[in-house]
Amino acid sequence: MDRPNRLFLLALVAASIYSQTTAGRFSGSVTDPSSAAVPGVRITALNAETGQQVVETTNAEGRFVIYPLTPGLYTITAKKDGFSAFTMSGVQVDVSESVVRNISLRVGDLSQSVSVTAESAAIQTDSPAIAATIVRQQIEELPLNGRDFNQLVLLSAGSVDNATGGNNDFGSVALNGNRTYGNAYLVDGTPNTNSYQGTSAAPLSIDLIREFKVYSGVAPAEFGQGGSQVTVVTQSGSNLYHGNLFEYYRGTQLQARDPFNTTSAASFLRNQFGGTFGGPVRLPHYKGQNKTFFFVNYEGNRQYQQATRFSSVPLDAMWNGDFSAVLPGVQLRDPLAARALLPNNQVPVSRINKTALALRPYFSSPTQPGTGNNQVANVDQDTVANQYTIRGDQMLAHNNTLGVRYTQSHTGGFIPNLLGSPGVGRTEPLDNENGTASWTVVLSPRMVSELKIGAMKFGDVTSYSAGSLPTAASLGIQGFTANNPAVPLLPQMSFSGVGAPTNIKFGDTTSFGEAALSMIQNVYTVNETVSRIAGNHSLKFGYELHREDYNALQQSSAGGQISFSGSATSSNSTGYAFGDFLMGLPSSTSQVPVKPKILLRQTEMAGFAQDDWRITPSLTLSMGLRYELFLNPYEDRNRLAMFDIKTGAIVVASDNGTLPVSLYLPAVVAKLTDANGNWKFPLLSDKQAGFDPRRLLATQVNNWGPRFGFAWHAGPKTVVRGGYGIFYSRYPFSTCCRRSR
């Protein structure tokens, strides 16, 4: 299920990463007017928003590293007896960023001070990895259709939209040649990836996002998973109360009419509204300034529109058996009279099928002349979405911090079917929950522990509605699933041939919308990272544990299909598809019993060690080793099977050798067994075949991922980077769903 990808990079090439921490760091060296190193300088980083301070002292070589720093704006001060105090304001530390600034002290008294304003570095000088940071100003000011922050990922160099790039792969964005399904999305260090399709799960409000970063290049061992990564950091409260309210309106009331549209304009109304509020917690006898902060966010979306449907529908006279309108081009024949011509293309009323007549409400009457593309309708389609986030941060003694965040979103609405039949269509609500708890502990002046516990839930479950129109159950159509809203409530009526009308179906396109679809994903994560500064070395060690549960079903044409071909040569056809339908003469039918959902469980573990060694102020080496253990998934009811090419047998997961025969479809068992109940082909349990119990596939235990990179600051405007790494990726879970049919 996992495969290694070896990458050798001397420039910007996307890597595979899966973030552990979001904190940044500030480093540099301190010198005197003669450019000599100054040891023992007290360096303080003050967060301008929360008042949090992190203090470090320069080593014997005058170098320092301040870590961890929450993304934000900082004021840096440097003090030592015999020198004037130095203050640098406006230092921006972004998510997981390493900021390098060197400080030059002047001889003088501490009562004297030198103040400067930091300028943004044009390029990062001490990391082989390259990252594009999308900051708050870009998120607020750049136009976004639907306020979807994922569109800003395309600002990253080497990014290609999956749709416009002609890529039929999963995922939404391909970065620098990486497969789109390998992208990882995180919120405050917790996964936010829809593993079924390799896309972002929870649709975060742009007012919630402080900034996000898109990684590429050779990533250190701290990061895992193949592809690239989008790491989002949410906003937090500060010492000042701040908030906003917004309302965005878009509707046809203020739009000019399309001069090329000859039909009535379809109405459209969208309201997106919400707000944020955050600040220090204040309670009776407690003031949370510099200590306790909160932040809340809500966003709603109400969209009501009319979707235009262009259809081919039967003429009203055809429902009475009168097909004279298609003469002389099409001459109907009687399949029950040796295909003799039907006089004047008239189907006798006594020969019209009652079930076919009962389905007439699915078709509207023509609004345009002719028999093809003769009906235009504007039908109601709506979208309702709500999301909210609650976040709290607590500053503890000795610069220790606690943080919690919970995000929930729901998006739903009604999508009318291809014909625009009243009340007929589907709903596909998307439900997301995402939460993070973090605890940062300063173990010593040069050692920090960061623990993150996260959980996410993604749900995408389709249901179908027939409104008040007939269904397979109400019509008594036998052999098809009845009264199950998880599948279309009527088999698709498929028409082909000359003059064929539009299919009767529940989906909104010709090829989509008839599946039994249920995609539920639960992810639980624990990440522990310990960082230590030892001289010129920035060391990191960490461990990750991921548990993923999948409750899934993807089965196309779940409601079945009845086809009418209108064959000019078949003995069972009138020669016209709707004539066949009206007389109850299908050319074929198909139906497969809907399978129960598969319930897969998977555990992943990883550990890493990383050393960023700053050999000189202009040269940094990054060396690390990562080990990943992917336990292959097992199915909760042992419904996994695979073909053994060596023995020619089908090997099935079992409960200590006992096959789950009771879960097999009876119709399938009947076809695959003989009169005595014996299988017609070799069928072995995992125990009999000597395969891994329940998982079938042996777990790969050699997933070692060495990393090496360098960054050389060759000049004021030049940085040379290079590196090598081995990464491991997985295919989207949808692939597994398809193989499990």
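Thresholds, definitions, all that
- Each chain carries its own residue numbering, running from 1 in the direction its sequence is written.
- Two thresholds apply to this predicted model, a pLDDT of at least 70 for residue-level local features and 80 or more for giving and counting side-chain atom pairs, whereas whole-chain, interface and lining totals are computed over all residues.
- With hydrogens and water stripped out, all remaining heavy atoms of the structure feed into the side-chain values.
- Among buried residues, those of type Ala, Val, Leu, Ile, Met, Phe, Trp, Tyr and Cys that are joined through side-chain atoms within 4.5 Å constitute a nonpolar core.
- The rule is simple: take the accessible area with a 1.4 Å probe, protein chains only, and divide by the maximum for that residue type; under 20% is buried, over 50% is exposed, in between is partly exposed.
- For helices the rule is a DSSP run of H or I covering at least 4 residues; for strands it is a run of E covering at least 2, with both sets numbered from the N terminus onward.
- Note on contacts: a residue pair qualifies if any of its non-hydrogen atoms lie within 4.5 Å across the two residues.
- Here, any two strands with at least 2 DSSP bridges between them count as paired.
- Fitted lines through C-alpha atoms serve as axes, helices being fitted only where they are in contact, and the angles separating the N-to-C directions of these axes extend from 0 to 180 degrees.
- Salt bridge, as used here: a side-chain nitrogen of Lys or Arg that lies within 4 Å of a carboxyl oxygen of Asp or Glu.

(A) Here's a closer look at the nonpolar core. One finds Phe323, Tyr362, Leu490, Met493, Ile504 and Phe581 to be the most contacted residues of the largest nonpolar core, which totals 38 residues. For this core, the elements supplying multiple residues, two or more each, are strand S33 (492-495), strand S36 (561-564) and helix H4 (577-582). The leading source of residues in this core is H4, at 4 residues. Not counting chain neighbours up to four residues away, the residues in contact with Met493 comprise Leu359, Asn503, Ile504, Ile562, Phe564 and Phe581. Counting 22 residues, the second-largest nonpolar core is a separate cluster that includes Val30, Phe64, Leu69 and Val114.

(B) Region of the structure containing the sheet that holds S36. Read across the sheet, 3 strands follow the order S33-S36-S37 without closing on themselves; strand pairing throughout is mixed. The open sheet terminates on both sides in strands that have one partner only, identified here as S33 and strand S37 (588-590). For this sheet, the mean inter-axis angle between neighbouring strands, taken without regard to orientation, is 20°. With 4 bridges connecting them, S33 and S36 associate as parallel partners. Paired with Gln492 across the strands is Gln561, a residue of S36.

(C) Main features of the pattern of salt bridges. Throughout the structure, instances matching the rule amount to 21 salt bridges. Among the salt bridges present, the one from Arg360 reaches Asp316, with a minimum N-O distance of 3.4 Å. Of this pair, Arg360 sits in the loop between helix H2 (354-358) and strand S27 (375-395) while Asp316 sits in the loop between strand S24 (292-311) and strand S25 (333-334), placing them 44 residues apart in sequence. Take Arg360: its relative accessible area is 31%, and that puts it in the partly exposed class. The exposure class assigned to Asp316 is partly exposed, which follows from its relative accessible area of 35%. The salt bridge involving Arg351 is made with Asp334; its shortest N-O contact spans 2.7 Å. Pair noted here: Arg351 is in the loop between strand S26 (340-341) and H2 and Asp334 is in strand S25, with a separation of 17 residues, a long-range link. Residue classification places Arg351 among the partly exposed positions, given a relative accessible area of 24%. Residue Asp334 is classed as buried on the basis of its relative accessible area of 9%.

(D) Molecular detail of unusual backbone geometry. Here the bond from Tyr67 into Pro68 is cis, since omega is 0°, no more than 30 degrees from zero. By the secondary structure assignment, Pro68 is in strand S5 (residues 63-69). Backbone torsion omega between Leu327 and Pro328 reads 0°, so that peptide bond is classified as cis. Positive phi values are uncommon outside glycine, yet His285 reaches one of about 70°. Relative to the assigned elements, His285 resides in the loop between strand S22 (282-283) and strand S23 (286-287). Backbone geometry at Arg339 places phi at a positive 60°, although glycine is not the residue there.

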